[in-house]
Amino acid sequence: MRRKMPADLYPTEDKPGLRVRGGTQHSSAQGDYVCGGCGAEDHANGDTSVKALVEDYTNNHGPAHTR
């Protein structure tokens, strides 16, 4: 049985940020972000794609807008 993530854990325009969920033997890693600085958003599935998503968020959004 696959459990659905609570809606309050996903980033939104009102609550921007990064969410990453590690994969299991039955599911792949997932990630989402919404940038509080520019409003950009993205979603990724799979280890490689989620790693790239985190790097994009870190380098170009979220924390990058506070520098």
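The rules behind each value
Residues numbered from 1 in each chain as written. Predicted model: local features only at pLDDT ≥ 70, side-chain atom pairs only at ≥ 80, totals over all residues. Heavy atoms only, no water. Helix = DSSP H or I, 4+ residues; strand = E, 2+ residues; numbered from the N terminus. Polar contact = N/O pair within 3.5 Å; in protein donor to acceptor, adjacent residues only side chain to side chain. Contact = heavy atoms within 4.5 Å. Expected span 1.5 Å × (residues − 1). Pairing = 2+ DSSP bridges.

Draft legend 1. Representation of the side chain of His 61. Looking at where His 61 falls in the secondary structure, it is placed in the segment after helix 1 (47-60). Within the structure, the side chain of His 61 is placed 3.4 Å from the side chain of Tyr 33, a separation counted as a polar contact. When neighbours within four sequence positions are excluded, His 61 is seen to be in contact with Tyr 33, Cys 35, Cys 38, Ala 40 and Asp 56.

Draft legend 2. Molecular detail of helix 1. Taking 1.5 Å per residue as the helical rise, helix 1 with its 14 residues ought to reach 20 Å, and the 20 Å between its terminal C-alpha atoms agrees with that figure. Packing partners of the buried residues in helix 1 comprise strand 1 (17-21), strand 2 (30-34) and strand 3 (41-45). A positive phi of about 20° marks Gly 62, the residue just after helix 1.

Draft legend 3. Seen up close, the pairing of strand 3. As defined by bridge partners, strand 2 adjoins strand 3 across 5 bridges and the pair is classed as antiparallel. Considered in strand 3, the bridge of Gly 31 is made with Ala 44. Hairpin geometry of strand 2 and strand 3 is characterised by an intervening segment of 6 residues between the two adjacent antiparallel strands and by a positive phi of about 85° at Gly 39.

The values reported here are purely geometric and, on their own, carry no functional implication.
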